[in-house]
Amino acid sequence: MSLKSIVNLLAWIKPALRSISRSPAWLYLKRDIRTWVGLALIVTIVGTAIFADFIAPFDIRERAGDPHQPPGGRYILGTDHLGRDVFSRLIHGSRSALMVGLLLVSVTGSIGITLGLLAGYYGGKVDGAIMRAVDIALSFPGLVLAAAFVGFFGSGLRNLIIALSLTGWAGFARVTRGQCLAIRKEEYVEAAHAIGEKPRTIMLRYIFPNAVSPLIVMITMTLPVAIILASAMSFLGLGVPPDSADWGAMLYQAQGAIKDGIWWPALFPGLAIMITVLGFNFFGDALRDALDPRLRHGRHG
Amino acid sequence: MARSKDVLLKVEGLKTYFYTEEGVVRAVDGVDLEIKRGEILGLVGESGCGKSVTALSIMRLVQSPPGRIVSGRILLDGEDLLKKSEKEMWKIRGTKISMIFQDPHTSLDPAFTIGFQIAEPIELHQVLERKLLKKEDVPKKVEEMLSLVKIPDPGHRVNEYPHQLSGGVKRRVMIALVLSGQRAVLRADEPTTALDVTIQAQILDLLRELRHKLKMSVLMITHNLGVVAELCDRVAVMYAGHIGLEGVIMAVVSRPRHPYTRALLQPGPSFIGKRKRLRTIPGFVPSLLSPPPGCKFHPRCSEAMPICKKVFPQMVRVAKNHFVRCHLYARRRGK
Amino acid sequence: MVSGIYRFILRRVLLILPIFLISSALLFSLLYFKPGDPASELAGLQAGPGQVAVIRRDLGLDKPPHLRYLEWLGAVFNGDFGTSWKFYRPVSSMIAERLPQTLILSFAAFVVSVGIGIPLGIIAALKRKTKVDYICMGIALLGASIPNFWQALMMILIFGVWLGWSPGLGGGIGLEYLILPAITLGTALSGSVSRIMRSSMLDVLNQDYILATRAKGLKERTVILTHALRNAFIPVATLLFMRLPWLFGGSIIIETVFQWQGMGWLMIEAIRANDFLVIQTVALMFVVLVIVANLLADISYAYLNPKIRYGEER
């Protein structure tokens, strides 16, 4: 990145921020408390993930103390069945969750948006075929298919992403296609078509940018779902390696000790998942309402 | 203005405001109306001038957030409706005063048969409340109602669902809905829009007949002057939340005084017998959120004077039974 | 008049067949895409080449895929799903045992979610934009955000260990074993249910005919309970049935945690044992369940909506 391109980037940021701050969506968002609660949680989790190494007191693999020590003292949240510090593993778990979540959303998003654009743009049989697939994928419980996939092909991060992507793309496809259909009728798209632009250009440069706002909402709302699904798979032992410092995996390891009343290895990872999910859901809800043209005006007499 | 026994409904100083995020919308801003027994009063105006809200306010059906009846009196047979509790209103709606809604396609509950929907108010008011009818007699009464509005084969129609009926039939069903029981005032909100001309004529005939048979008073809300001319005894013209003009139909039509009415009635006064829609007047309907000061019509008025921009004109009598709210006439009367 | 709704159902049922065939073909083919050699994996490290060959022949891997598929399809329609390798039992009898358990759990969870979600949604809609609304929707959001596998663990902890009520990790069939998993699964779904109900209610309450009904002088209670609800339920019922597949998916987790002998747990056990045939068959069963759920959704819509039930305009 040359100095010149950095300067260009900075020069673009300031007016972009200003136009965002004046947009009606932001004005709405600002007043909604869900925005702030959500952002607070999101920032906390993201911050934890970024600075994990600095925050965590212990190494996540180190068997620092006796197994199953209750919270208190050196081990803020106690130790797990191997004597590792729960708190440190919890902190690092945020990295795992966010990474897997973002990875999953990227993959499913790319597939879904591409297919959605294709379906919306070409219409006809292409649209019909893709939408049938979407219907099937949406109605099928993704976890079942993912489990079956992992059952055949083994676990691990790569297979986890593939497995969950088998049905995960459908939501993006449907939304994108809907937007595409609406935008395709606009004049500037027809003009571009008349000029003779290639379909790919039309899709990328004209249709996609205008379809972005519901997609942004979709991404914000899909991320927590992805995190939950990935954690669920890990909880079943079908996701990331069971010994990882991942919230789902931690819960998997914590299952056995529950009946003995060892609650701390199970409580905190789940709480962490919930907080992360809540944060994105709050913010996503507020974002969705802010960007929804209908909800902004009430009914007059 | 006639005295009390004759007057069935009297609205005084009605103000209904809507409190929205963008500000206060003064949908009805000081309206006075009077309807005598057996009389049909037409309430005319462009869309958005507040006529529907006026009707809803009289029946107290305004959605309470965000709307509110801020002040005024609504006297039905001498009793102020605004002072009544909601429970008392339930008894009044559908018996003493009822409403025919504008869009027949959306005003009937799609999940129930028309027989059921007509029977409902009958059962509630006639049977339960006033014991005028026995439960077993209700189905017969429902069929009676359907015949009254000239729907053929009522015995079978009773079991049909709204989506199975044509627009004209639905319209009649809506009229039938309000006929059951002793009606004192009937509010017909745009009863003839979206119907073709022959059906319009039939409906108007029906309303006329019913008015005579049942001695009902009707407040007819419409923007179609032809309907008004055919059916109404008096007319009031509404603009931006106010009544601009009121008078006996013949007077208003033959010699329109208010510039707005005049504009509406162009080209000529002799249109009785033909159906004419209101002309659209250049300019925009004023925003009820931030209305212009002074006379609300002044930005579009061809005869606006300097005073019109500043002072809101009062209602002035220009002839027997003909009242106008305009500075042109206030001056002439030497006020 | 008779044909209206039945024709509708018939059309739907006919669509099912190709979906079923495609899904089963896809699932079936998974075995062939699998890297490595399933037969030797199944046989284990100790097995000699002869044993592996026997297994391979039994799995049918020695025949080309399409033939095998047709064979399999034929066997399936005769009720024979093959034999599980790790459990030494015919798969069909395992499914016959486990399927009802999953259905019972799903049904119980459905009842719980509806019992909580519907009233919550109605109240939230009626008191729109007031504190009550926000609280109800807050509860719904909370329910949706709690990962159900964690909730399951916490339920076991609280009710099983600390309070000592339910057997918790019983694994039995009786009612007391059903309560915890049903509540866990049900509360997770109730958030969705309440949101759907609220949304539908709000839509209906905004309609003209509700205003018209009020104008008739009907009591507010009648307006809401008779008219509004009846109309609001039409899309809700459909949407609820469409959430059933989610319940099936959740059963994989919940059954495993609570050791409820259903198909979800069967799948997990099969995965852990590398029993591919069972995995494949159970997955196919889930596909069938999803198809049935969708069918129920369509039927309920046709039944509840007078427009479809009684045909179109004259």
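Residues numbered from 1 in each chain as written. Chains lettered and ligands numbered in written order. Predicted model: local features only at pLDDT ≥ 70, side-chain atom pairs only at ≥ 80, totals over all residues. Heavy atoms only, no water.

## Things to note about the overall build of chain A
Here is step 1 of the chain: Helix and strand content of chain A: 13 helices and zero strands.
Here is step 2 of the chain: C-alpha atoms of chain A, sized along the principal axes, occupy 75 × 55 × 45 Å.
Here is step 3 of the chain: Classification of the 301 residues of chain A by burial places 49% in the buried group.
Here is step 4 of the chain: Once local pairs closer than 6 in sequence are excluded, the contacts in chain A between residues at least 24 apart make up 68%.
Here is step 5 of the chain: Of the accessible surface of chain A, which amounts to about 14,600 Å², a share of 66% is contributed by carbon and sulfur atoms.
Here is step 6 of the chain: Averaging the positions of the 28 positive and the 19 negative side-chain charges in chain A gives two centres separated by 8 Å. (Helix = DSSP H or I, 4+ residues; strand = E, 2+ residues; numbered from the N terminus. Buried < 20%, exposed > 50% of the residue type's maximum accessible area, 1.4 Å probe, protein only. Contact = heavy atoms within 4.5 Å. Areas by Shrake-Rupley, 256 points an atom, 1.4 Å probe, with all protein chains shown as cover. Lys, Arg positive; Asp, Glu negative; His and termini not counted. Charge placed at Lys NZ, Arg CZ, Asp CG, Glu CD.)

## A closer look at the nonpolar core
Here is step 1 of the chain: In this structure, C:F149, C:M201 and C:M267 are the most contacted members of the largest nonpolar core, which totals 153 residues.
Here is step 2 of the chain: At 15 residues, helix α10 (residues 220-258) of chain C tops the list of elements feeding residues into this core.
Here is step 3 of the chain: With residues up to four places along the chain from it excluded, the contact list for C:F149 reads A:I228, A:S231, A:A232, A:F235, A:L251, A:I273 and C:I253.
Here is step 4 of the chain: Listed in part, the 93 residues of the second largest apolar core include B:L14, B:A119, B:I151 and B:A176. (Core = buried A, V, L, I, M, F, W, Y, C linked by side-chain atoms within 4.5 Å.)

## Section: the interface of chain A and chain C
Here is step 1 of the chain: Each side of the interface is counted separately: chain A has 38 residues, and chain C has 41 residues.
Here is step 2 of the chain: Where chain A meets chain C, there are four residue pairs in polar contact (both at pLDDT 80 or more).
Here is step 3 of the chain: Among the elements of the structure, α6 (124-139), α7 (142-153), α11 (199-235), α12 (247-254) and α13 (264-291) of chain A are those that each provide at least two residues to the side of chain A that touches chain C.
Here is step 4 of the chain: Broken down by element, the residue count for the side of chain A that touches chain C peaks at 11 residues, all from α13(A). (Polar contact = N/O pair within 3.5 Å; in protein donor to acceptor, adjacent residues only side chain to side chain.)

## Comments concerning the interface of chain C and chain B
Here is step 1 of the chain: Counting residues at the interface gives 23 residues for chain C and 30 residues for chain B.
Here is step 2 of the chain: Where chain C touches chain B, the interface holds one salt bridge.
Here is step 3 of the chain: For C:K216, the salt bridge goes to B:E120, with nearest N and O atoms at 3.3 Å.
Here is step 4 of the chain: For the pair chain C and chain B, the interface holds seven residue pairs in polar contact (both at pLDDT 80 or more).
Here is step 5 of the chain: When residues of the side of chain C that touches chain B are traced back to their parent elements, those giving at least two are α9 (208-215), α10 and α13 (306-309) of chain C. (Salt bridge = Lys/Arg side-chain N within 4 Å of Asp/Glu carboxyl O.)

## Digging into the side chain of C:N148
Here is step 1 of the chain: Structurally, C:N148 is set in helix α7 (residues 148-162).
Here is step 2 of the chain: The contacts of C:N148, once residues within four sequence positions are left out, are C:T184, C:L185, C:A188, C:W246, C:G250, C:I253 and C:I254.

## Remarks on a nonpolar patch on the surface
All names here are of chain A.
Here is step 1 of the chain: A contiguous nonpolar patch, built from L3, I6, V7, L9, L10, W12, I13 and L17 and spanning about 820 Å² of accessible area, is present on the exposed surface.
Here is step 2 of the chain: Here I13 shows up in helix α1 (residues 3-22).
Here is step 3 of the chain: Take I13: its relative accessible area is 33%, and that puts it in the partly exposed class. (Patch = residues over 30% accessible without salt bridge, like charges linked within 9 Å, V, L, I, M, F, W, Y side chains within 5 Å.)

## Comments concerning the packing of aromatic side chains
Here is step 1 of the chain: Per the counting criterion, the structure on display carries nine aromatic pairs over all chains.
Here is step 2 of the chain: When the ring of A:F51 is compared with that of A:F54, the centres are 6.4 Å apart and the planes differ by 50°; the resulting orientation is tilted.
Here is step 3 of the chain: Taking relative accessible area as the criterion, A:F51 reaches 45% and is therefore assigned partly exposed.
Here is step 4 of the chain: Here A:F54 falls in the exposed class, since its relative accessible area comes to 70%.
Here is step 5 of the chain: Here B:R26 stacks its cationic end above the ring of B:Y17, 5.2 Å away from the centre of that ring. (Phe/Tyr/Trp six-rings, centres within 6.5 Å; stacked < 30°, edge-to-face > 60°. Lys NZ or Arg CZ within 6 Å of the ring centre and 35° of its normal.)

## Details of the sheet that holds strand β5 (residues 79-80) of chain B
All names here are of chain B.
Here is step 1 of the chain: Taking strand neighbours across the sheet as the criterion, the four strands line up as β2-β1-β4-β5 in an open arrangement whose pairing is antiparallel. Across the chains shown, the open sheet's two edge strands, defined by having one partner strand only, are β2 (23-36) and β5.
Here is step 2 of the chain: Against the sheet, helix α1 (residues 51-58) touches β1 (7-20), β2 and β4 (67-76), its axis set at about 110° to β1. (Pairing = 2+ DSSP bridges. Axes fitted to C-alpha atoms, helices over the stretch in contact; angles between N-to-C directions.)

## Quick look at the pairing of β4(B)
All names here are of chain B.
Here is step 1 of the chain: Of the strand pairs in this sheet, β1 and β4 are connected by eight bridges, and their pairing is antiparallel. Looking across to β4, one finds that F18 is bridged to G67.
Here is step 2 of the chain: Linking β4 back to β5 in an antiparallel pair, the connection comprises two residues, with D77 at a positive phi of about 55°.

## Some words on the pattern of salt bridges
Here is step 1 of the chain: Applying the stated criterion to the full structure yields 20 salt bridges over all chains.
Here is step 2 of the chain: For B:E12, the salt bridge identified is with B:K10, shortest N-O distance 3.7 Å.
Here is step 3 of the chain: For B:E12, a relative accessible area of 26% gives the class partly exposed.
Here is step 4 of the chain: Several salt bridges share partner residues, and in doing so they unite A:D80, A:R84, A:R89 and A:D243 into one network.

## Side note on the confidence of the model for chain B
All names here are of chain B.
Here is step 1 of the chain: Averaged over all residues, the pLDDT of chain B is 76; the fraction at 70 or higher stands at 81%.
Here is step 2 of the chain: Per-element averaging of pLDDT across chain B places helix α12 (residues 327-332) at the bottom with 67 and β4 at the top with 85.
Here is step 3 of the chain: In the model, residues 267-278 has pLDDT below 50 throughout and makes 28 contacts with residues more than four positions away in sequence or in other chains.
Here is step 4 of the chain: Note on the complex model: pTM 0.80, ipTM 0.81. (pLDDT = per-residue confidence, 0-100.)

## Concerning the environment of C:F159
Here is step 1 of the chain: Secondary-structure assignment places C:F159 in helix α7.
Here is step 2 of the chain: Along the chain, C:F159 and C:L180 lie 21 residues apart, while their C-alpha atoms are 8.4 Å from each other.

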